[in-house]
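What follows is each chain in one-letter form.
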Amino acid sequence: MFSWVGKLASAFWLPLSLYARTNKDESLGDDENDPLLWSKELEKHAFGEFSFAVVQANEVLEDHSQVEIGQNATFIGVYDGHGGPEASRYICDHLFPHLIRLTQENGLNLTSSKSLKDAVSATEEGFLSLVRRTCGIKPLMAAVGSCCLAGLISQGTLYVANMGDSRAVIGRLNKRKSNKIIAEQITEDHNASMDEIRQELKSDHPDDPHIVVMKQGVWRIKGIIQVSRTIGDAYLKKPEFALDPSFPRFHLREPIQRPVLRSGPSMHTRELKPEDKFVVFASDGLWEHMTNQQVVEIVHNNPRPGIARRLVKSAMVEAGRKAGKKRYDEVKKMEKGCRRAIHDDITVVVVFIDHQKMNMGIDELSMRGFNDSTSPSGFRALG
């Protein structure tokens with residue numbers, strides 16, 4: 001009796017270090033009745049398998065995401081929107097088609113990071129054009145934006161383009177330390193909480209003493225936004241998109257003379273080695289509650305099926321603990337919108353790399369987060 005009660009009582013309060021060592025989902029609670037948690041347990045891609053999960057917290061889901069499966073390449077996109085879903089949805093609809101188009105037009109193959117970088121830039125330009133066409137009817141389109149994390153795996157190399165504070169982290173084995181799994185962060189966080197980002201902003205805007213402001217315990221750019229690179233947020237990039245005082249949250253006292261936020265992604269190229277076992281792509285809703293090392297240990301020490309869902313639930317448990325010790329079973333009963341007080345929308349894609357193994361003849365499919373349907377992937381156009 002006492003052992004059963006003890007097990008039940010501790011089920012929701014295991015520290016994250018213990019989550020990494022348990023193979024039982026009971027430790028995280030039952031998610032069968034959580035309509036806001038979606039997942040693909042385990043699917044195949046060209047070089048292995050992947051697990052995909054999304055949980056909604058906002059009234060309207062602002063995270064959009066996709067996995068594109070090709071015969072010789074895999075594309076992963078995580079787009080963490082803010083101010084509304086329009087920017088993240090636009091990226092999900094346009095970035096990958098731009099990548100395919102630019103690869104074809106420039107006669108390049110998918111082993112070049114140039115096409116990926118140019119595809120992100122073309123998507124950014126396209127969204128600003130959309131804002132220009134619609135802001136007369138819908139002024140707040142100028143304040144809609146999104147982080148953009150795009151990864152491409154092709155011919156043994158990982159290419160990543162990043163804007164914002166979503167993150168790509170590799171889990172690799174350290175053979176010199178008894179095959180301990182080690183987290184290696186591939187991207188850098190473009191967030192004003194980082195000292196180097198604040199210094200970068202001050203260097204870019206030496207004449208603006210208010211370029212970064214501490215507000216309610218958080219560093220914010222112009223006292224408004226935390227991320228320093230985004231797609232969208234036109235009012236912080238071009239004077240023509242300035243919002244008037246009727247929108248006090250986004251009104252700037254002085255017109256901007258040059259872009260406050262940087263354009264263009266930071267690019268990262270990483271040759272995948274035999275000790276590299278998987279890559280975790282996730283929005284900051286995961287990383288604000290879990291460290292890189294905690295995440296890779298959970299992935300390494302648990303079965304592959306449902307591992308992305310396990311990570312999402314682990315973050316939700318930690319978020320509930322921080323917000324007054326709310327248990328998972330309490331959080332999952334909260335309605336969308338209300339749940340945002342506990343955690344953000346969270347998107348996780350775990351991509352396992354099975355070296356020396358190709359899934360020959362795999363279906364070239366496109367999958368999107370929070371959507372059970374699939375469609376043919378644009379990879380088919382590359383032949």
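Figured I'd write up the structure that's included with this text. (Residues numbered from 1 in each chain as written. Predicted model: local features only at pLDDT ≥ 70, side-chain atom pairs only at ≥ 80, totals over all residues. Heavy atoms only, no water.)

1. A short note on the side chain of Thr-74
Part 1: Topologically, Thr-74 is positioned in strand β4 (residues 73-82).
Part 2: Apart from the residues lying within four places of it in its own chain, the contact partners of Thr-74 are His-45, Ala-46, Phe-47, Val-67, Glu-68, Gly-151, Leu-152, Ile-153 and Phe-379. (Helix = DSSP H or I, 4+ residues; strand = E, 2+ residues; numbered from the N terminus. Contact = heavy atoms within 4.5 Å.)

2. Here we look at helix α7 (residues 292-300)
Part 1: All of the buried residues in α7 are Asn-292, Val-295, Val-296, Ile-298 and Val-299. Down the axis, α7 shows its buried residues gathered within 155° of arc, on one side only. (Buried < 20%, exposed > 50% of the residue type's maximum accessible area, 1.4 Å probe, protein only. Arc of directions from axis to C-beta.)

3. Considering the packing of helix α3 (residues 86-105) against helix α4 (residues 113-134)
Part 1: It is at 8 Å that the axes of α3 and α4 come closest, and there the two elements cross at 135°. As far as their axial angle goes, α4 and α3 are oblique. Our pair here, α3 against α4, has a crossing hand that is right-handed. Facing Glu-86, Ala-87, Tyr-90, Ile-91, His-94, Leu-95, His-98, Leu-99, Arg-101, Leu-102 and Thr-103 of α3, the residues of α4 in contact are Ser-115, Leu-116, Asp-118, Ala-119, Val-120, Ala-122, Thr-123, Gly-126, Phe-127 and Leu-130.
Part 2: Across the contact of α3 with α4, the residue classes tally to twelve nonpolar, six polar and three charged. (Axes fitted to C-alpha atoms, helices over the stretch in contact; angles between N-to-C directions. Parallel < 35°, antiparallel > 145°, perpendicular 65-115°, else oblique. Left-handed = near helix turned anticlockwise from the far one by under 90°. Nonpolar A, V, L, I, M, F, W, Y, C, P; charged D, E, K, R; others polar.)

4. Points about the pairing of strand β7 (residues 157-163)
Part 1: Buried residues dominate β7, accounting for seven of its seven residues.
Part 2: Alternating positions in β7 separate into two faces, Thr-157, Tyr-159, Ala-161 and Met-163 on one and Leu-158, Val-160 and Asn-162 on the other, with burial throughout.
Part 3: In this structure, strand β6 (residues 148-154) lies alongside β7, joined through seven bridges in antiparallel fashion. Residue pairing in the sheet places Ile-153 in a bridge with Leu-158 of β7.
Part 4: As consecutive antiparallel partners, β6 and β7 are separated by two residues, and within that stretch Gln-155 has a phi angle of approximately 50°, a positive value.
Part 5: The sheet contact formed by β7 and strand β13 (residues 266-271) spans six bridges and is antiparallel. (Pairing = 2+ DSSP bridges.)

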